[in-house]
Amino acid sequence: GLDGTVRVWSTATGDVVVVLEGPTQGVNWVCWHARGMVLLAGSEDATAWMWKLPEGSVMQIFSAHSASVSYGCFVNQGRSVLTGSEDGTVRVWNPRAGTVEHTIHAGTPHDPLAVTCLQAHPAQPTFLFGADDGRVKLGHAESGKVLATLSGHVQSVESAAFCECMPLAASAGMDGKLCIWDLGTYTLRHTCAHAAGVVELRWRRESPFLFSCAVSREIRLFDARSGECLKMLTGHLDAVL
């Protein structure tokens, strides 16, 4: 919440199990560890926090960003922590020591660009992040290197994600484009046009199909193999977020 707390709830009873405190400003996101009772969260106060559940004890505080930690997750099957910030950097952390292992810039150190989206690969030590200038970068968590810069958007990239069953990725931008990328060649496979800015995309699990939503009030279903729009869902009266 914007009150700086994270609340863990019982889905069986609806009761609060524990209230996690620490951030001094609003919490931007939360992320569960895939294999354990560990919760990660990022705050507007430029820190990220990791708690152990159910007791709610603080395991680590990640503090090196100079602006709001807008995005974050576990990467490399939970071995590392990944954060992205409005300060223009993506940082790879050692979760035990709380130290920065790698820092990758969305722009340059002298010309920073805000990180606008971030997602880790579900199985590999790679991750995608977008920037204000329309570029998408593919990073490697172990080496800290940028493997590829994917150029297909001309405005801010709002969402990027990996396909689980094929070597594909997708990105969505305020230019109205949904771009499908071939990760074998780092080339643009398809450009799927929308009537207005695309703000979110989601792959179906273990599937080459993905959904997108746009400020033009529609949700679309695409087949990433062909780039074909299979269905358009309408009915909302304002932007779908």
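Up top you'll find the structure we're talking about.
What comes next concerns the included structure. These numbers come from a predicted model, not from an experiment.

It is worth spelling out the overall build of the protein chain at this point. When helices and strands are tallied, the protein chain shows 0 helices and 22 strands. Radius of gyration (C-alpha) of the protein chain: 18 Å, near the 18 Å computed for a compact globule of 241 residues. Expressed as lengths along the three principal axes of its C-alpha atoms, the size of the protein chain is roughly 50 × 45 × 30 Å. Across the 241 residues in the protein chain, those meeting the buried criterion constitute 52%. The contacts in the protein chain between residues at least 6 apart in sequence include a share of 35% that link residues at least 24 apart. For the protein chain, the accessible surface area stands at approximately 11400 Å², while carbon and sulfur atoms represent 50% of it. Each charge sign in the protein chain was given a centre, from 18 positive and 23 negative side chains, and these centres are 7 Å apart.

Here we come to the sheet that holds strand 13 (residues 135-140). Read across the sheet, 4 strands follow the order 11-12-13-14 without closing on themselves; strand pairing throughout is antiparallel. With one partner strand each, in any of the chains shown, strand 11 (115-120) and strand 14 (146-151) form the two edges of the open sheet. The average undirected angle you get between the axes of adjacent strands in this sheet is 20°.

Adjacent strands of a sheet pair through backbone hydrogen bonds, lying either parallel or antiparallel. Read from one edge of the open sheet, 4 strands run 19-20-21-22, paired in antiparallel fashion. Where the open sheet ends on each side, the last strands, each with one partner, are strand 19 (198-203) and strand 22 (228-233). Here the average twist between neighbouring strands, direction ignored, is 25°. Relative to strand 21 (residues 219-223), strand 20 (residues 209-214) is paired through 5 bridges, and the arrangement is antiparallel. What sits directly across from Cys-213, in strand 21, is Ile-219.

Grouped together as the largest cluster of nonpolar side chains are 26 residues, with contacts concentrated most on Leu-40, Phe-62, Phe-74, Leu-82, Val-90, Phe-127 and Phe-129. In terms of residues, this core owes the most to one element, strand 7 (residues 69-75), which gives 4 residues.

Applying the stated criterion to the full structure yields 5 salt bridges. Asp-223 is the partner of Arg-225 in a salt bridge, and the nearest nitrogen-oxygen pair spans 3.0 Å.

Quick look at unusual backbone geometry now. In this model, Leu-53 is joined to Pro-54 through a cis peptide bond whose omega is 10°. By the element assignment, Pro-54 lies in the loop between strand 5 (47-52) and strand 6 (57-63). With a phi angle near 55°, Asn-76 is a residue other than glycine that sits in the positive phi range. Within the fold, Asn-76 resides in the loop between strand 7 and strand 8 (80-85). Backbone geometry at Arg-217 places phi at a positive 80°, although glycine is not the residue there. The residue Arg-217 is located in the loop between strand 20 and strand 21 in this model.

Moving on, we get to the side chain of Thr-5. Looking at where Thr-5 falls in the secondary structure, it is placed in the segment before strand 1 (6-9). Here the side chain of Thr-5 touches Asp-3 through a polar contact of 2.9 Å, side chain to side chain. Every residue in contact with Thr-5, bar those within four places of it in the chain, is listed here: Val-19, Leu-20, Glu-21 and Val-27.

Glancing now at the pairing of strand 9 (residues 89-94). Of all 6 residues that make up strand 9, 5 are buried, and the element is covered over most of its length. Sheet analysis places strand 8 next to strand 9, joined by 4 bridges and oriented antiparallel. Across the sheet, Gly-84 pairs through a bridge with Val-90, a residue of strand 9. Hairpin geometry of strand 8 and strand 9 is characterised by an intervening segment of 3 residues between the two adjacent antiparallel strands and by a positive phi of about 90° at Gly-88. Summarising the sheet, strand 9 and strand 10 (residues 99-105) pair through 6 bridges and their orientation is antiparallel.

Here is what the cut-offs are and how they apply
- Residues numbered from 1 in each chain as written.
- Predicted model: local features only at pLDDT ≥ 70, side-chain atom pairs only at ≥ 80, totals over all residues.
- Heavy atoms only, no water.
- Helix = DSSP H or I, 4+ residues; strand = E, 2+ residues; numbered from the N terminus.
- Rg over C-alpha atoms; globule rule 2.2 N^0.38 Å.
- Buried < 20%, exposed > 50% of the residue type's maximum accessible area, 1.4 Å probe, protein only.
- Contact = heavy atoms within 4.5 Å.
- Areas by Shrake-Rupley, 256 points an atom, 1.4 Å probe, with all protein chains shown as cover.
- Lys, Arg positive; Asp, Glu negative; His and termini not counted.
- Charge placed at Lys NZ, Arg CZ, Asp CG, Glu CD.
- Pairing = 2+ DSSP bridges.
- Axes fitted to C-alpha atoms, helices over the stretch in contact; angles between N-to-C directions.
- Core = buried A, V, L, I, M, F, W, Y, C linked by side-chain atoms within 4.5 Å.
- Salt bridge = Lys/Arg side-chain N within 4 Å of Asp/Glu carboxyl O.
- Polar contact = N/O pair within 3.5 Å; in protein donor to acceptor, adjacent residues only side chain to side chain.

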